[in-house]
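# Structural overview
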Amino acid sequence: MHYISTRGNTPKMPFSDVLLMGLAPDGGLMLPKSYPKIDDATLTKWRQLSLSKSGYQDLAFEIMQLFATDIPKADLKALIDKTYTRQNFAKDEITPVRTLSDGIKILELSNGPTLAFKDIAMQFLGNAFEYVLKQKNERLTIIGATSGDTGSAAEYALRGKDNIQVFMMSPHGKMSAFQRAQMYSLTDDNIHNIAIKGMFDDCQDIVKTLQQDADFKAKYSLGTVNSINWGRILAQIVYYFKGYFASTDNNQQKVSFCVPSGNFGNICAGHIAREMGLPIARLIVATNENDVLHDFFTTGNYRPRSADKTYVTSSPSMDISKASNFERFIYLLLDKNPQQLSQLWTNVNNQQGFELSDLLDNIHNKFGFVSGKSTHADRIATIKSVFETDKDLIDPHTADGVKVARNLRQDGELIVVTETALPAKFADTIVEAVGKIDIPRPDATKGIEDLPQKVVVLDNDAKLVKAEIEKFVEPK
Ligand SMILES: *Cc1c(COP(=O)(O)O)cnc(C)c1O
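Residues numbered from 1 in each chain as written. Predicted model: local features only at pLDDT ≥ 70, side-chain atom pairs only at ≥ 80, totals over all residues. Heavy atoms only, no water.

### What to know about the packing of aromatic side chains
Defined as follows: Here a Phe, Tyr or Trp ring, Trp counted by its six-membered ring, pairs with any other such ring whose centre lies within 6.5 Å, and the pair is stacked when the planes are under 30 degrees apart, edge-to-face when over 60, and tilted otherwise. Burial classification: accessible surface area is computed with a 1.4 Å probe over protein chains only, and a residue below 20% of its type maximum counts as buried, one above 50% as exposed, and the rest as partly exposed.
Within this structure, the stated rule accounts for 30 aromatic pairs. Each ring, one from Phe-216 and one from Tyr-220, has its centre 4.6 Å from the other, and the planes form 40°; the classification is tilted. Judged by its relative accessible area of 6%, Phe-216 is buried. One aromatic cluster in this structure is built from Phe-264, Phe-296, Phe-297, Tyr-302, Phe-326, Phe-329, Trp-345, Phe-354, Phe-367 and Phe-369.

### Focus: the UniProt feature "modified residue: N6-(pyridoxal phosphate)lysine" (unreviewed entry) in the protein
This is how it is decided: UniProt positions are given in the numbering used here, feature names are shortened, and annotations may be inferred rather than shown by experiment. Only DSSP runs of H or I covering at least 4 residues are called helices, and only runs of E covering at least 2 are called strands; the numbering of each starts at the N terminus. The contact criterion used throughout is that any non-hydrogen atoms of two residues lie within 4.5 Å.
Feature annotation in UniProt assigns "modified residue: N6-(pyridoxal phosphate)lysine" (unreviewed entry) to the following positions: Lys-118. Mapping Lys-118 onto the fold places it in helix 6 (residues 118–136). Look at Lys-118 and you get buried, because its relative accessible area is 14%. The residues contacting Lys-118, other than those within four sequence positions of it, are Thr-150, Ala-153 and Arg-232.

### Considering the nonpolar core
Stated precisely, the cut-off is as follows: Only buried residues count toward a nonpolar core. Its members are Ala, Val, Leu, Ile, Met, Phe, Trp, Tyr and Cys residues joined through side-chain atoms within 4.5 Å. Each domain's extent was defined by an automatic or database domain assignment.
Counting 110 residues, the largest nonpolar core has Phe-241, Phe-264, Phe-296, Phe-326, Phe-329 and Ile-330 as its most contacted members. Taken domain by domain, this core gets at least three of its residues from each of domain 1 (3–118 + 229–428) and domain 2 (139–220 + 449–471). Counting residues in each nonpolar core, the second largest holds 28 residues, with Leu-100, Ala-181, Ile-284 and Val-370 among its members.

### Focus on empty space enclosed by the protein
In plain terms, the rule: Every definition here rests on a 1 Å grid over the protein atoms only: cavities are sets of points where a 1.4 Å probe fits but cannot get out, pockets are open sets enclosed by protein on both sides within 12 Å along at least five of seven lines, and lining residues have some atom within 4 Å of a point. Grid points are joined across faces, edges and corners, and a volume is the space filled by probe spheres set on the points.
Applying the stated criterion across every chain yields a total of one cavity of 30 Å³ or more. Roughly 30 Å³ of internal volume is contained in the largest cavity. Considering the residues around the largest cavity, the lining is formed by Ser-261, Gly-262, Thr-287, Asn-290, Val-292, Leu-293, Met-318 and Ile-320.

### Here we look at the site of the ligand
Threshold: When we say a residue is near a molecule or strand, we mean one of its heavy atoms is within 4 Å of it. In protein, a polar contact requires one atom able to donate a hydrogen and another able to accept it; more generally it is a pair of N or O atoms within 3.5 Å, and residues adjacent in sequence count only if both atoms are side-chain atoms. To measure how exposed things are, a 1.4 Å probe is used in the Shrake-Rupley method; for residues, cover is taken only from the protein chains shown. All residues other than Ala, Val, Leu, Ile, Met, Phe, Trp, Tyr, Cys, Pro, Asp, Glu, Lys and Arg, Gly among them, are scored as polar; the first ten of these are nonpolar and the last four charged.
Neighbouring residues of the ligand: 15 residues in total, closest Lys-118, Gly-262, Asn-263, Asn-266 and Thr-420. Separating an oxygen atom of the ligand from a backbone N or O atom of Phe-264 is a distance of 3.0 Å. A distance of 2.9 Å separates a nitrogen atom of the ligand from a polar atom in the side chain of Thr-420. Out of a free accessible area of 390 Å², the ligand has 97% covered by protein chains. Residue classes in the shell around the ligand are distributed as five nonpolar, eight polar and two charged.

### Describing the sheet that holds strand 15 (residues 456–459)
In any sheet, the strands associate via hydrogen bonds between backbone groups, in a parallel or an antiparallel arrangement. Convention followed: Paired strands, in this sense, are two strands between which DSSP finds at least two bridges.
With parallel pairing, the five strands of this open sheet are ordered in space as 8-5-6-7-15. The strands lining the two open edges of the sheet, one partner per strand, are strand 8 (222–223) and strand 15. Pairing of strand 5 (residues 140–145) with strand 8 involves two bridges; the strand directions are parallel. Of the residues in strand 8, the one forming a bridge with Ile-142 is Gly-223.

### Points about the domain arrangement of the protein
Selection rule: Summed over both partners, the accessible area lost on bringing two parts together, with a 1.4 Å probe, is the buried area. Take a side-chain nitrogen of Lys or Arg and a carboxyl oxygen of Asp or Glu: if they are within 4 Å of each other, that pair is a salt bridge.
We note that the domain assignment places domain 1 (3–118 + 229–428) and domain 2 (139–220 + 449–471) within the protein. The C-alpha-based centres of domain 1 and domain 2 are spaced at 27 Å. Every contact between the two is made by 11 residues of domain 1 and, on the other side, nine residues of domain 2. Of the roughly 880 Å² buried between domain 1 and domain 2, counting both surfaces, carbon and sulfur atoms make up 60%. Of all residues in domain 1, the largest losses of buried area upon contact with domain 2 belong to Thr-114, Lys-118 and Lys-425, amounting jointly to 51% of the total for that side. Between the two partners, domain 1 and domain 2, sit zero salt bridges. Here domain 1 is connected to domain 2 by zero residue pairs in polar contact (both at pLDDT 80 or more). Of the residues assigned to the side of domain 1 that touches domain 2, the class counts are six nonpolar, two polar and three charged.

### Some remarks on the side chain of Ser-152
Mapped onto the elements, Ser-152 comes out in helix 7 (residues 149–158). Classification of Ser-152 by relative accessible area gives buried; the value is 1%. Apart from the residues lying within four places of it in its own chain, the contact partners of Ser-152 are Thr-114, Gln-182, Met-183 and Lys-425.

### Brief notes about the pattern of salt bridges
Evaluation of the coordinates by the stated rule reveals 25 salt bridges. Where Arg-98 meets Glu-108, a salt bridge forms, and the shortest distance between an N and an O atom there is 3.1 Å. Here the residue Arg-98 occupies a position in strand 3 (residues 97–99), and Glu-108 occupies one in strand 4 (residues 105–108), the gap between them amounting to 10 residues. A salt bridge links Lys-197 to Asp-459, with the shortest nitrogen-to-oxygen separation between them at 3.4 Å. Taken together, the positions of Lys-197 in strand 7 (residues 191–197) and Asp-459 in strand 15 put the pair 262 residues apart, joining distant regions of the chain. According to the relative accessible area criterion, Asp-459 is partly exposed, its value standing at 43%. A network of salt bridges, in which partner residues are shared, links Lys-91, Arg-98, Glu-108, Asp-392 and Glu-419.

### Digging into the UniProt feature "domain: Threonine synthase N-terminal" (unreviewed entry) in the protein
In the numbering used here, UniProt assigns the "domain: Threonine synthase N-terminal" (unreviewed entry) feature to residues 2–84. Taken end to end, residues 2–84 is 49% helix and 7% strand, and its two terminal C-alpha atoms sit 26 Å from one another.

### Some points on the sheet that holds strand 13 (residues 369–373)
The condition that has to hold: Helix axes are fitted to C-alpha atoms over the stretch in contact, other axes to C-alpha atoms as well, and angles between N-to-C directions run from 0 to 180 degrees.
Taken in spatial order, the six strands of this open sheet run 3-4-14-9-10-13, and their pairing is mixed. Whereas interior strands pair on both sides, the edge strands pair on one side only; in this sheet they are strand 3 and strand 13. Going across the sheet, the axis of each strand differs from the next one's by a mean of 25°, ignoring polarity. Of the pairings in the sheet, the one linking strand 10 (residues 280–287) to strand 13 comprises five bridges and is parallel in character. Looking across to strand 13, one finds that Leu-283 is bridged to Phe-369. Relative to the sheet, helix 13 (residues 292–299) contacts strand 10 and strand 13, its axis offset from that of strand 13 by approximately 135°.

Here you go:
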């Protein structure tokens with residue numbers, strides 16, 4: 001399988017080259033020329049596989065080997081088996097499904113080390129990066145900015161990996177005690193926490209400044225692990241299949257997935273699973289107050305907002321007003337027309353956005369996308385109602401999903417909501433919803449606030465961050 005760019009101006013590449021990339025050189029996103037199609041007999045075979053004790057790993061191998069064709073099968077299998085363990089994800093099924101009393105199902109994606117769904121892809125990426133770097137005899141210096149979730153998922157995925165150093169910037173004093181403890185308590189030599197005296201946007205600006213310094217970038221082998229990385233999307237396709245098989249008895253049944261969304265990475269994987277032939281009825285995009293995607297899926301108008309017009313909400317990992325993975329879907333919607341796509345993204349970069357209202361029928365019917373929106377009050381009410389009726393605690397992001405699923409559910413429709421984080425990460429909002437209670441915490445995170453922390457605090461200045469990198473990485 002070869003990969004191409006949505007913008008049409010990047011030579012085709014094999015999987016292992018795409019794995020280490022962020023944006024394509026032409027500014028687009030990499031994807032396979034076409035998605036493989038799965039027939040009914042294969043689905044039946046995979047359904048059987050997915051029920052066994054090593055069901056998740058076996059299914060992951062079947063799916064990923066269709067895309068990672070330049071990695072020897074035995075090596076790919078070893079990477080998958082090393083990643084998806086009970087030790088990493090607390091449960092043998094890796095992503096079990098539970099059912100609420102109103103029939104809505106919850107696909108558990110957040111039992112990994114940082115208690116958010118990003119672990120599922122990041123843990124694989126960490127192992128895959130290490131493998132590919134060794135093959136190519138290369139090294140990588142990952143730089144990133146985080147306000148919490150992404151940075152910790154990246155650090156837990158890359159800690160202790162050979163030939164990889166991680167420099168993660170976070171806003172000094174702006175994260176919760178739990179989030180700080182999660183990141184700063186890592187003592188691995190290759191993990192470097194940098195607290196910047198500034199805001200999250202300042203951290204992000206420093207990453208951009210370093211990335212744009214071509215000399216420095218080449219000399220220190222800088223790279224990133226953001227949500228547009230193809231390897232992350234690929235790893236996420238697996239749990240749509242797993243969730244489907246766990247929720248149905250036969251391939252005639254259809255399932256809709258409702259996905260709390262921000263950068264459109266999670267639901268993009270669902271879209272690809274549907275394109276591959278998984279019997280998904282609808283893909284329901286759930287947004288919070290930052291509703292640019294909801295606007296698009298209801299009107300066909302895409303109007304990304306700037307960072308200063310992004311609301312700070314109680315489902316913070318969805319506080320995004322420009323969906324970085326969206327382009328992979330729009331490319332298909334436009335019948336794979338890179339010229340037209342490039343034109344649309346020129347408008348996005350000019351702060352104008354675009355309108356595709358004449359394609360709404362295809363968006364809804366051919367591709368199955370619909371959307372809904374949830375606000376702080378909805379989130380609180382949903383957490384409370386699920387707690388009261390089911391004695392089940394859901395996190396604020398998952399609550400956005402449940403609220404939208406309840407609103408949009410049609411007669412007889414089976415909806416699976418993806419659980420994108422555990423409530424322990426968002427104690428304040430949980431307490432606001434249900435009062436002061438003991439929020440369950442996985443054993444591995446108990447008492448982490450009391451561990452010693454490793455972090456350097458720097459003024460908001462890219463030069464100081466460069467100096468920090470020079471201290472630990474040999475120049476080329
Ligand atoms: C990242 C994240 C999301 C949004 O996922 P996207 O792939 O960006 O759409 C939702 N919920 C939680 C808890 C997250 O960490």
